[in-house]
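# Examination of the molecular architecture
Okay, here's what each chain looks like letter by letter:
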Amino acid sequence: NAGVTQTPKFRILKIGQSMTLQCAQDMNHNYMYWYRQDPGMGLKLIYYSVGAGITDKGEVPNGYNVSRSTTEDFPLRLELAAPSQTSVYFCASSYSPDTDTQYFGPGTRLTVL
Amino acid sequence: AQSVAQPEDQVNVAEGNPLTVKCTYSVSGNPYLFWYVQYPNRGLQFLLKYITGDNLVKGSYGFEAEFNKSQTSFHLKKPSALVSDSALYFCAVSDVYNFNKFYFGSGTKLNVKP
């Protein structure tokens, strides 16, 4: 099992550009999550999904969009990049949301200049 | 609102000594509590969790945590620290009204010196 994979590992964007952060898991987990981690801060939940076709907002969803067309994939879209979106983005998945652990990907480091 | 606080940005301990990383929470109802560890340039890894039952929870790599409802705390402990335990530790709580929402503390950097 590859677990949770994320691409790219690093990316530099200009203000106003768009990009999609990819996330995939091969554990057949229904629940998937996107977090951002700012320096010296804990993780903040951006969006989550409870299964294919079902997504919902987390704590900090503004400026982002998600889709979940398959169980395996959960891409995160930035439409108009802003410097405030400079962060490390982590994708995670779990079998059940409350009692199960979350499995995290290695992260994508995004810089918006 | 649910929240988690880790009052120490950094904890320094000598190898072989016991370590404690503190976590307090503010939630209504009965929380589910978690500890995760993050090594440099890596994603978070699960250490242990408290769901219900015994207040002392044992986890990976010799770590344990004690759930104290009256003090709303969930401190992470290890009897004898290793240099390899040096990492960033995060406490997290799941929203009791929506278990899909997790709230993480700001993290505590543990430095274990030889």
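This is a predicted model, so every value here is computed, not measured.

### Concerning the packing of aromatic side chains
Taken as a whole, this structure holds 14 aromatic pairs over all chains when the rule is applied. Considering the side-chain rings of Tyr35 of chain A and Phe104 of chain B, the 5.4 Å spacing of their centres and the 85° angle between planes classify their relative orientation as edge-to-face. Highlighted residues: Tyr35 of chain A in strand S4 (residues 31-37) and Phe104 of chain B in strand S11 (residues 102-104), drawn from two different chains. In terms of burial, Tyr35 of chain A and Phe104 of chain B fall into one category: buried. On the numbers, 6.1 Å between centres and 20° between planes, the contact of Tyr25 of chain B with Phe67 of chain B is stacked. Linking Tyr25 of chain B in strand S4 (residues 24-26) with Phe67 of chain B in strand S8 (residues 64-68), this pair joins segments that are 42 residues apart in sequence. On the basis of relative accessible area, Tyr25 of chain B is assigned to the buried category, the value being 7%. Assessed through its relative accessible area of 6%, Phe67 of chain B is described here as buried.

### Some remarks on the sheet that holds strand S1 (residues 4-7) of chain A
Residue and element names in this part refer to chain A. Here four strands make up an open sheet; going across it, the order is S1-S3-S8-S7 and the pairing antiparallel. Edge positions in the sheet fall to S1 and strand S7 (64-66), since each of these pairs with one other strand and no more. Neighbour to neighbour, the strand axes of the sheet diverge by 20° on average, direction disregarded. When S7 meets strand S8 (residues 76-78), the two strands line up antiparallel, connected through three bridges. Paired with Val66 across the two strands is Leu76, which belongs to S8.

### Let's talk about the interface of chain B and chain A
On the side of chain A, 25 residues touch chain B, which itself brings 22 residues to the contact. Carbon and sulfur atoms supply 56% of the area that chain B and chain A bury against each other, a total of about 1800 Å² over both sides. Seen at the junction of chain B and chain A, the total is zero salt bridges. For the pair chain B and chain A, the interface holds two residue pairs in polar contact (both at pLDDT 80 or more). Mapped onto the side of chain B that touches chain A, the elements with two or more residues apiece are strand S5 (32-38), strand S6 (44-50), strand S10 (87-94) and S11 of chain B.

### Side note on the nonpolar core
Ranked by internal contacts, the top residues of the largest apolar core, which has 28 residues, are Trp35, Leu47, Leu48, Phe74, Leu76 and Tyr89 of chain B. The set of elements that each furnish at least two residues to this core consists of strand S2 (10-14), strand S3 (19-21), S5, S6, S8, strand S9 (73-78), S10 and strand S12 (108-113) of chain B. At four residues, the largest contribution of residues to this core is made by S10 of chain B. Once you skip the residues sitting within four places of it in the chain, Phe74 of chain B turns out to touch Cys23, Leu33, Phe34, Trp35, Leu48, Lys49, Tyr50, Ala65, Glu66, Phe67 and Cys91 of chain B. Within the second largest apolar cluster, 19 residues are counted, among which are Trp34, Tyr47, Tyr89 and Cys91 of chain A.

### Quick notes on unusual backbone geometry
Of note, the bond from Thr7 of chain A into Pro8 of chain A is cis; its omega dihedral lies within 30 degrees of zero at -5°. For Pro8 of chain A, the position within the fold is in the loop between S1 and strand S2 (10-13). In this model, Asn28 of chain A sits at a positive phi of 60°, which is unusual for a non-glycine residue. For Asn28 of chain A, the position within the fold is in the loop between strand S3 (19-25) and S4. In this structure, Tyr61 of chain B is a non-glycine residue whose phi angle is positive, near 55°. Tracing the sequence through the fold places Tyr61 of chain B in the loop between strand S7 (56-58) and S8.

### Points about the state of the cysteines
In total, this model carries two disulfides over all chains according to the counting rule given. Bridging Cys23 of chain A to Cys91 of chain A, the disulfide has an S-S length of 1.8 Å. With the S-S dihedral at roughly -70°, the linkage between Cys23 of chain A and Cys91 of chain A falls on the left-handed side. Residue Cys23 of chain A is located in strand S3, and its partner Cys91 of chain A is located in strand S9 (residues 87-94); the two are separated by 68 residues in the primary sequence. Here Cys23 of chain B is linked by a disulfide to Cys91 of chain B, with a sulfur-sulfur distance of 2.0 Å. A torsion of -65° about the S-S bond marks the disulfide between Cys23 of chain B and Cys91 of chain B as left-handed. Here Cys91 of chain B lies in strand S10 and Cys23 of chain B lies in the loop between S3 and S4, a separation of 68 residues in the sequence.

Quick notes on the rules
Residues numbered from 1 in each chain as written. Chains lettered and ligands numbered in written order. Predicted model: local features only at pLDDT ≥ 70, side-chain atom pairs only at ≥ 80, totals over all residues. Heavy atoms only, no water. Phe/Tyr/Trp six-rings, centres within 6.5 Å; stacked < 30°, edge-to-face > 60°. Helix = DSSP H or I, 4+ residues; strand = E, 2+ residues; numbered from the N terminus. Buried < 20%, exposed > 50% of the residue type's maximum accessible area, 1.4 Å probe, protein only. Pairing = 2+ DSSP bridges. Axes fitted to C-alpha atoms, helices over the stretch in contact; angles between N-to-C directions. Contact = heavy atoms within 4.5 Å. Buried area = accessible area lost by both parts, 1.4 Å probe. Salt bridge = Lys/Arg side-chain N within 4 Å of Asp/Glu carboxyl O. Polar contact = N/O pair within 3.5 Å; in protein donor to acceptor, adjacent residues only side chain to side chain. Core = buried A, V, L, I, M, F, W, Y, C linked by side-chain atoms within 4.5 Å. Disulfide = S-S within 2.5 Å.

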